[in-house]
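Here is what each chain is made of, one letter per residue.
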Amino acid sequence: MATPFYITTPIYYVNARPHLGHAYTTISADVIRRYHEMVTDETYFLTGTDEHGDKVMRAAKNENLTPREYVDKISSLFKNLWPELHISNDQFIRTTDKNHILVVKKILQQIYDTGDIYYSEYEGQYCFGCERFYTDRELVNGKCPDHETKPEIIKEANYFFRMGKYQEWLIDHIQKHPDFIRPERYKNEVLSFLKEPLDDLCISRPKSRITWGITLPFDENYVTYVWFDALLNYISGLGYPDGELYTKYWPVSQHIIAKDILKPHGIYWPTMLKAAGIPIFKHLNVHGYWNVDQSKMSKSLGNVIDPLELKNVYGLDAFRYFLLREMAFGLDSSFNEEALVSRLNSDLANDLGNLFSRVLAMAHKYFGGEVPDFDTDTEKDFDLGLEAHAGKAIAAYQEHMPQFAFHKALVAVWEFIGELNKYIDVTTPWVLAKNKTQRKQLETVIYNLLEGLRVISGLIYPVMPQTAEAMQKHLGIPPDKTFFKIQGLKKWKTLKPKTQLPKSISLFPRVEATTGTPASGPTRNEKAPPSGKPEITIDHFTDLDLRVGTITHCEPVPRAKKLLKLEVDIGEKRTIVSGIAESYTPDDLLGKQVIIIANLKPAKLMGVKSEGMILAAVDGEKVVVATLDHTVAPGTKVS
Ligand code: MSP
């Protein structure tokens, strides 16, 4: 039976535009939601915007808009961004929604009626940026730690929530549920905060100062403090108190936040729920901060990263993968575009992309694009632990994903990708293909590789849904969401022999930083851009005569382990000697269309005159010849 799973993100302030940090949290929520769908949970995913308060009022004023016009404008930036990043939220809540306002008033009244909200005069140090009072203990050198400004002394009569009353209960709850706040470092942070006496929380703001907020149900002259209003979105969005969604999903609720808002979520929120007689949430999942080149992302530093820009340059799935793989959930990470390019080229283009195109190319070359049958006898010799490696990867993945340890889950998937790449090197399908008596072995090897790719395509689905679907299509699996279910992935040998596979595609073209253009350079694990070569003008480039050539004949060069002698048709016949014998057999190359530099000065290699050069990627020991997507006439110019 399906188990419910409920995930929320913070609702974002509308006083700033969405950036990389917001994107990371929301993509993480999307990934965990997709993962839970894979294990057949019924899921609900809530995100939205936090729209009341002084900050918003001031931001609206700066833009000469009314608060309502302003919040509509910025909220829609968030709302419209999420589909572009393939975020699959079920609901987008706004704290200006009618139903949310009703719920806030209801809970306030409930707590007021129990006596846990009281009225009192208070003089304190108030930070306008944070919209809250600070105690001496919380200030750093007398300044607000977030805004680095000196708070102002304000004397005001206000309403207070008896938060201190729940201190012992909260400590006890955290200790009895060690993974209530995770990772552990944040649990410890909250516990250490709770070692000091917990003050009551001021939950109102006088209308003489702020009008943009939810009026207290028991005093017209005050609006609700933004945090007391905002946190309640997590239940108002589910239709508290008697909505069906509330009944089903609240008991399994999980929040994702970053460390900046640990205190409101780790202390205010559970005590508010307790005071209102509502069961508290199950887990608070806290991640670290994205900095940019080691500095805090900020408007004033001008280093705010726009997620859409990155998506447009590098592709959405690559961007999602990078964020989840690069950040160890819970720790800070520093964003750097070169690191993104490097990961994209090594993990995606080299490890996964190459594996996928190599295997599919072999399926086309040796079996006319059909999934081969596997031979049960040969299987014993040719499994080489592959099925066990798949099982190990799935088990590690299932251990890490529910803990939000996305980076570890992805490491496990990439270890399996590494095993598949090794499997090719060990079984050498191109050698098997040469010998007719080894046809069964070849079938089994290619079948196993396709099966491995099927498992990979399922495991990457939560992080890279588009790529997973593209792989699925090219593995001949009918488009069907159940394909991604973990149960199905665990079963080995589910691809149907004789299924016709579409021609392969390139999953991830190599890229260079900022331009997003295909690269010619970096090899596996090398930092990009790698060239160190002088910049050239277009004139230098157009001096090259690049042509498409069809390989019509190929043979080894005697006594030269690395060299092959090729005859290439480029509209005229050329002989080319190429150092690719350790990566290709003559059979592999026959009939292939390659790109050659046709105006290279001829040179003699091992006594053979070479009249050109073939373009190839040199990937460590491996050489991969550049080929074309479609066949064209020999001699066609490449520009
Ligand atoms: N409105 C409150 C949240 C109320 S929830 C009931 C708020 N909004 S916010 O716009 O400031 O969003 C803060 C959240 O945005 C962080 O907790 C995190 O999820 C995300 N991030 C914003 N900047 C970030 C980074 N630089 N790095 C990672 N995530 C960050 O607080």
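As a reminder, the structure under discussion sits directly above these lines.
Presented here is a report on the structure given in the accompanying data block. (Residues numbered from 1 in each chain as written. Predicted model: local features only at pLDDT ≥ 70, side-chain atom pairs only at ≥ 80, totals over all residues. Heavy atoms only, no water.)

**As for the environment of Lys-55**
Inclusion rule: Strands are runs of DSSP state E lasting at least two residues, helices are runs of H or I lasting at least four, and both sets are numbered from the N terminus onward. Between two residues, a contact is recorded if the distance between any of their heavy atoms is within 4.5 Å.
Positionally, Lys-55 belongs in helix 2 (residues 54-62). Expressed as a C-alpha distance, the spacing of Lys-55 and Val-14, which sit 41 residues apart in the sequence, is 9.0 Å. Residues in contact with Lys-55, not counting those within four places in the same chain, are Tyr-13, Asn-15, Gly-129 and Glu-131.

**Quick word on the sheet that holds strand 14 (residues 290-292)**
Short version of the rule: Note on pairing: two strands pair once DSSP finds at least 2 bridges between them.
Here three strands make up an open sheet; going across it, the order is 15-14-16 and the pairing mixed. The sheet terminates laterally at strand 15 (295-296) and strand 16 (333-335), the two strands that pair on one side only.

**Details of the site of the ligand**
Test applied: We call a residue near a molecule or strand as soon as one heavy atom of that residue lies within 4 Å of the molecule or strand. Polar contacts here mean pairs of N or O atoms no more than 3.5 Å apart (in protein, one a potential hydrogen donor and the other a potential acceptor; neighbouring residues in sequence count only if both atoms are side-chain atoms). Using the Shrake-Rupley algorithm and a 1.4 Å probe, accessible areas are obtained, with residue cover drawn only from the displayed protein chains. Residue polarity follows a fixed list, in which Ala, Val, Leu, Ile, Met, Phe, Trp, Tyr, Cys and Pro are nonpolar, Asp, Glu, Lys and Arg are charged, and the others, Gly among them, are polar.
The environment of the ligand is made up of 23 residues, and the closest members are Ile-11, Thr-25, Asp-50, Asp-260 and Trp-290. Interatomic distance of 3.5 Å between a backbone N/O atom of Gly-21 and a nitrogen atom of the ligand. Trp-290 has a polar backbone atom sitting 2.8 Å from a nitrogen atom of the ligand. Out of a free accessible area of 670 Å², the ligand has 94% covered by protein chains. Broken down by secondary-structure element, the contributors of at least two residues to the shell around the ligand are strand 1 (4-13), helix 1 (20-38), helix 7 (226-230) and helix 8 (233-236). For the shell around the ligand, the leading source of residues is strand 1, giving four residues. Of the residues that constitute the shell around the ligand, the class distribution is 13 nonpolar, eight polar and two charged.

**Thoughts on the sheet that holds strand 20 (residues 593-597)**
The antiparallel open sheet is built from five strands, whose spatial order is 19-18-17-20-23. The open sheet has two free edges, formed respectively by strand 19 (573-578) and strand 23 (613-614), since each of these has just one partner strand. Of the strand pairs in this sheet, strand 20 and strand 23 are connected by two bridges, and their pairing is antiparallel. For Ile-597, the partnering residue across the bridge sits in strand 23 and is Met-613.

**Details of helix 6 (residues 184-193)**
Test applied: The rule is simple: take the accessible area with a 1.4 Å probe, protein chains only, and divide by the maximum for that residue type; under 20% is buried, over 50% is exposed, in between is partly exposed. Note that the arc is computed from the directions linking the helix axis to the C-beta atoms.
Among all positions in helix 6, only Tyr-186, Lys-187, Val-190 and Leu-191 are buried. Down the axis of helix 6, the smallest arc covering the buried residues is 140 degrees, so these residues share one side. Tucked inside the fold, the buried residues of helix 6 contact helix 5 (167-176), strand 7 (181-182), helix 10 (262-275) and strand 13 (283-287).

**Quick look at the packing of helix 13 (residues 337-367) against helix 18 (residues 439-459)**
Put simply, the test is: Each axis is a line fitted through C-alpha atoms, and for a helix only the stretch in contact is used; angles between axes span 0 to 180 degrees, taken between their N-to-C directions. Should the near helix be turned counterclockwise from the far one by less than a right angle, the crossing is left-handed, whereas a clockwise turn marks it as right-handed.
At a minimum axis distance of 10 Å, the contact between helix 13 and helix 18 shows a crossing angle of 145 degrees. Of the two possible hands of crossing, helix 13 and helix 18 adopt the one that is left-handed. Along the contact surface, helix 13 presents Leu-352, Leu-355, Phe-356, Val-359, Leu-360, Met-362, Ala-363, Tyr-366 and Phe-367, while helix 18 presents Arg-439, Leu-442, Glu-443, Ile-446, Leu-449, Leu-450, Leu-453 and Ile-456. The residue inventory of the contact of helix 13 with helix 18, partitioned by class, reads 15 nonpolar, no polar and two charged.

Take it as geometry only, folks, not as evidence of what the structure does.
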